[in-house]
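# Examination of the molecular architecture
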Amino acid sequence: MTDAGEEMYELVERLYPLCRSITGDGVRATLEIVDEYVPLRVHEVPTGTRVLDWTVPQEWNIRDAYIADAAGNRVVDFAASNLHVLGYSVPVAATMPLDELRGHLHTLPEHPSWVPYRTSYYQPEWGFCLAQETLDAMPDGEYEVRIDSTLADGHLTYAEHVVPGQVADEVIVSCHVCHPSLANDNVAGIAVATFLARALAERTPWYTYRFLFAPGTIGAITWLARNADRVNGASPALGAPPGRRPGEEPRAGGRVRHGLVLACAGDPGQLTYKQSRRGDAEIDRVMRHVLLASDRPHRVAEFTPYGYDERQFCSPGFDLGVGSLSRTPYAGYPEYHTSADDLAFVSPEALADTLAVCREAFSVLDRNRRYVNLSPYGEPQLGRRGLYESLGGRSDAKQAQMAMLWVLSLSDGEHSLLDVAQRSGLPFDTVATAADALHGAGLIKA
Ligand code: ZN
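Residues numbered from 1 in each chain as written. Predicted model: local features only at pLDDT ≥ 70, side-chain atom pairs only at ≥ 80, totals over all residues. Heavy atoms only, no water.

### Things to note about the domain arrangement of the protein
Its domain assignment divides the protein into domain 1 (2-57 + 155-367), domain 2 (63-152) and domain 3 (370-445). The gap between the C-alpha centroids of domain 1 and domain 2 is 33 Å. Taken together, the 21 residues of domain 1 in the interface contact 13 residues of domain 2. In total, about 1,400 Å² of surface goes out of reach between domain 1 and domain 2, with carbon and sulfur atoms giving 63% of it. Considering only the side of domain 1, the residues that lose the most area to domain 2 are Ile22, His337 and Ser339, jointly responsible for 29% of the buried surface there. Counting the contacts that link domain 1 with domain 2 gives 0 salt bridges. Between the two partners, domain 1 and domain 2, sit 6 residue pairs in polar contact (both at pLDDT 80 or more). Of the residues contributing to the side of domain 1 that touches domain 2, the split by class is 12 nonpolar, 8 polar and 1 charged. (Domains from an automatic or database assignment. Contact = heavy atoms within 4.5 Å. Buried area = accessible area lost by both parts, 1.4 Å probe. Salt bridge = Lys/Arg side-chain N within 4 Å of Asp/Glu carboxyl O. Polar contact = N/O pair within 3.5 Å; in protein donor to acceptor, adjacent residues only side chain to side chain. Nonpolar A, V, L, I, M, F, W, Y, C, P; charged D, E, K, R; others polar.)

Have a look at this one:
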């Protein structure tokens, strides 16, 4: 995992400098780099496309921007940090006194050396973000302001990567790709998602895992608009299909069964799992169980209709079982949406820890099934079927035997293996291994 942490950190370093926004070449450049790690299918959706209640906006691109003093010195320079420009700024080329310029300047007086991150996606505006101490050092006088940006009909760009599973039922893992040079809020999530996809592909998972790399809000809404059939198949009202039995062909047309939004994945804080709107979705139970069983300090938060793209996936029309995993959550740290969310704020260890929890959780999700005991009248004779011998020499033989008894006892078609693990207090892996042995002996069926 340490190696993975270092590799994820290298990816963070590569992605960090790019000027991303909800549209434009920064997103494309980001996806091109991610594509070196996992092959991506990139989608380009034209400006003006109606997506649910929204419309794909004009595409924004920027080449240069600065504020220069009377001597021509750039006192604020986009080339030094892309945070200096209000995201989605319309172009401007003007000279004006500082007093007039002030209305377009954004600072953080409480952190005078930090540059804030600000955007104005849906209101045509221009502006600069700078350190309060930079502003304080600017004498009155005339300043040249220039933003060499373009707002024009183009496309919204997002990408998908699919790890095929044994069944067509899907788990979606999404992260946002729309923030410029912010390491934790944006790039860390992209890195963990990328390496999670690689890890899942090491062996064919049970579920099909669909990774979404999309701009926040409008990107998730665009994906939902274009995948409503896939998503609504998961609606409890329509009846979710049962899992495929081993040997059966995957069904055509996947159905989203579960999902996880990754964000703020690399800071030093403890892990936070924000539950889906449903609160009792299988992903909620799995994440709670895995975090508790891992003995990590962590927090489980209730759903709120704010934050990241769980807002869209959990909206009542879709009502997906999608939670969100972060370390320190959205807006929960002073560095959030500032230049202090930089490469020093994230670490290989934290990235590796987030990845490890995701892998543990999906390993539980993938193996969590309901079984029916095919020999439910009295205890079946385990010794006759070689099930005791199979435990021989195992240091946890007693625990493994208890796990078999628990699985047999609770396999009434109602209880899942996660229910068995929680009720018995046994590790999920022990329970799932016992279920595999019982299944192999023909004592239970999925
Ligand atoms: Zn953000």
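### As for the coordination of the zinc ion
At the metal site, the zinc ion is ligated by His179 (NE2), Asp185 (OD) and His337 (NE2), and these contacts range over 2.0 to 2.1 Å. Linear spacing of the donor residues for the zinc ion on their chain is H-x5-D-x151-H. Here the residue Asp185 occupies a position in helix α5 (residues 183-200), and His337 occupies one in the loop between β16 (322-326) and α10 (348-367), the gap between them amounting to 152 residues. By the burial criterion, Asp185 is buried, and His337 matches it. (Donors = N, O, S within 2.8 Å, 3.2 Å for Na, K, Ca; no water. Helix = DSSP H or I, 4+ residues; strand = E, 2+ residues; numbered from the N terminus. Buried < 20%, exposed > 50% of the residue type's maximum accessible area, 1.4 Å probe, protein only.)

### As for the pattern of salt bridges
Inspection of every chain in the model, using the stated rule, returns 22 salt bridges. Among the salt bridges present, the one from Lys274 reaches Glu310, with a minimum N-O distance of 2.9 Å. Highlighted residues: Lys274 in strand β14 (residues 271-274) and Glu310 in helix α9 (residues 310-313), separated in sequence by 36 residues. Since its relative accessible area comes to 2%, Glu310 is described here as buried. Across the salt bridge formed by Arg277 and Asp319, the nearest N and O atoms sit 3.1 Å from each other.

### What about the environment of Gly317?
Note on placement: Gly317 falls in the loop between α9 and β16. For the pair Gly317 and Ala228, spaced 89 residues apart in sequence, the C-alpha to C-alpha distance is 9.8 Å.

### A few points about the packing of aromatic side chains
For the structure shown, the criterion picks out 13 aromatic pairs. Taking 5.4 Å as the distance between ring centres and 70° as the angle between the ring planes, the aromatic pair formed by Tyr330 and Tyr336 counts as edge-to-face. What makes Tyr330 partly exposed here is its relative accessible area of 27%. Pairing Tyr333 with Tyr336 gives two aromatic rings, centres 5.7 Å apart and planes at 90°, and the pair type is edge-to-face. Classification of Tyr333 by relative accessible area gives buried; the value is 7%. Since its relative accessible area comes to 14%, Tyr336 is described here as buried. Joined through ring pairs, the aromatic side chains of Tyr306, Tyr308, Tyr330, Tyr333, Tyr336 and Phe345 make up one cluster. Note that Arg369 overlies the ring of Trp206, its terminal NZ or CZ placed 3.8 Å from the centroid. (Phe/Tyr/Trp six-rings, centres within 6.5 Å; stacked < 30°, edge-to-face > 60°. Lys NZ or Arg CZ within 6 Å of the ring centre and 35° of its normal.)

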